[in-house]
Amino acid sequence: MSATIIDGKAIAETVRGEAADRAAALEAATGVKPGLAVVLVGNDPASEVYVRNKARLTVAAGMASFEHKLRANTSEADLIALVERLNADPLVHGILVQMPLPGHIDSDRVVLAIDPAKDVDGLTPANAGRLVLGRGGLVPCTPQGCIILAKHALGPDLAGKEALVIGRSILVGKPVALLLQAESCTVTMAHSKTHDLAGHCRRADILVAAVGRPEMVKGDWIKPGAVVIDVGINRIAQEGGKTRLVGDVAYEEAREVAGAITPVPGGVGPMTIACLLQNTVTAAEAQVRPGA
Ligand SMILES: Nc1nc(=O)c2c([nH]1)NC[C@@H]1CN(c3ccc(C(=O)N[C@@H](CCC(=O)O)C(=O)O)cc3)C=[N+]21
């Protein structure tokens, strides 16, 4: 049996279309165009590509894009001052500070400076707390994308499924586990200290791999028919000096066993940006009509 390939690119296009429709409706009703500010510190080539893609797709969805590129040696105080200006800017409804930040900057302090109402990454303690409590708020983009992709494979009802999340990062592992729990899955979180990871994987109906280790999850770890959501985006060296993107799952092996699987690229990555645009509209709606 060969797995269904979950087409993240096509699904993301649909989600971006919904964001564009909502943005247009908000602008027609209130005159306010949702705006997203992306802040990049330093010149990591991969980050520059992501930031450029975000800006292009933001504009394509009828929203305003504000790019702030700061030198790698920017001080923490200057970065926080920029965040505070963006907090106060009425044209900006969403703020994303691209991670990771250079080592001399404390990313916790930077995230704390972001107005939770504009925190489209869902990283501030206020939004993370609301997610834990199940009280709405802005939800991190990649985890939202994972749930949408899982529902494409399994239908809208995930209740009772065994879900395994590998990785416990603040941006992906922890929030995706909470979202799966909210969908009434039985959730296990695995990480670098987990014993018998392969055994845990073999019980999972939904496997979310978010560790950042190229092709770590092997084909024979996967339960036949399982849905595999691969969050990893690892650039590995190839012969001839070229690089290639691979996920955290050994894709060619896994697709022989899984029921459905997300490819890398073209799986979770495009969904992250689509959900970022959705969050920006959600944030703009709430800022324009507080309490609505
Ligand atoms: N505050 C913050 N929020 C983030 O959401 C965030 C971040 N920092 N730092 C970096 C990671 C990475 N990230 C990606 C988004 C889209 C693709 C994406 O669209 N990937 C495409 C193309 C990949 C390629 O060709 O390079 C794909 O997978 O098909 C990838 C990676 C968001 N991140």
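Residues numbered from 1 in each chain as written. Predicted model: local features only at pLDDT ≥ 70, side-chain atom pairs only at ≥ 80, totals over all residues.

Okay, the environment of Arg-56 next. Assignment of secondary structure puts Arg-56 in helix α2 (residues 45-60). Between the C-alpha atom of Arg-56 and that of Gly-134, which follows or precedes it by 78 residues, the distance is 33 Å. (Helix = DSSP H or I, 4+ residues; strand = E, 2+ residues; numbered from the N terminus.)

Here the UniProt feature "domain: Tetrahydrofolate dehydrogenase/cyclohydrolase catalytic" (unreviewed entry) sits at residues 6-121. Between the end C-alpha atoms of residues 6-121 the distance is 24 Å, and the span holds 51% helix and 16% strand. (UniProt positions renumbered as here; feature names shortened; annotations may be inferred.)

Here we take up the sheet that holds strand β6 (residues 186-190). Pairing is parallel across the open sheet formed by six strands, whose spatial order is β1-β11-β8-β7-β5-β6. Each of the sheet's edge strands pairs with one partner strand only, and the pair in question is β1 (4-5) and β6. Alignment of strand β7 (residues 206-209) against strand β8 (residues 227-230), held across four bridges, turns out to be parallel. Bridging from a neighbouring strand, Ile-206 pairs with Val-227 of β8. Against the sheet, helix α7 (residues 173-182) touches β5 (162-166), β6 and β7, its axis set at about 165° to β6. (Pairing = 2+ DSSP bridges. Contact = placed C-beta atoms within 7 Å. Axes fitted to C-alpha atoms, helices over the stretch in contact; angles between N-to-C directions.)

Here the residue pair Met-99 and Pro-100 is connected by a cis peptide bond, since its omega of -5° sits within 30 degrees of zero. Mapped onto the elements of the fold, Pro-100 is located in the loop between β4 (94-97) and α4 (107-113). For the bond from Val-264 to Pro-265, the omega torsion is -5°, close enough to zero to count as cis. Within the secondary structure, Pro-265 sits in the loop between β11 (260-261) and α10 (268-288). Here the phi dihedral of Asp-196 falls at roughly 50°; this positive angle occurs in a residue that is not glycine. Considering the arrangement of structural elements, one finds Asp-196 in the loop between β6 and α8 (197-202). Phi is positive for Glu-215, close to 55°, though the residue is something other than glycine. By the element assignment, Glu-215 lies in the loop between β7 and β8.

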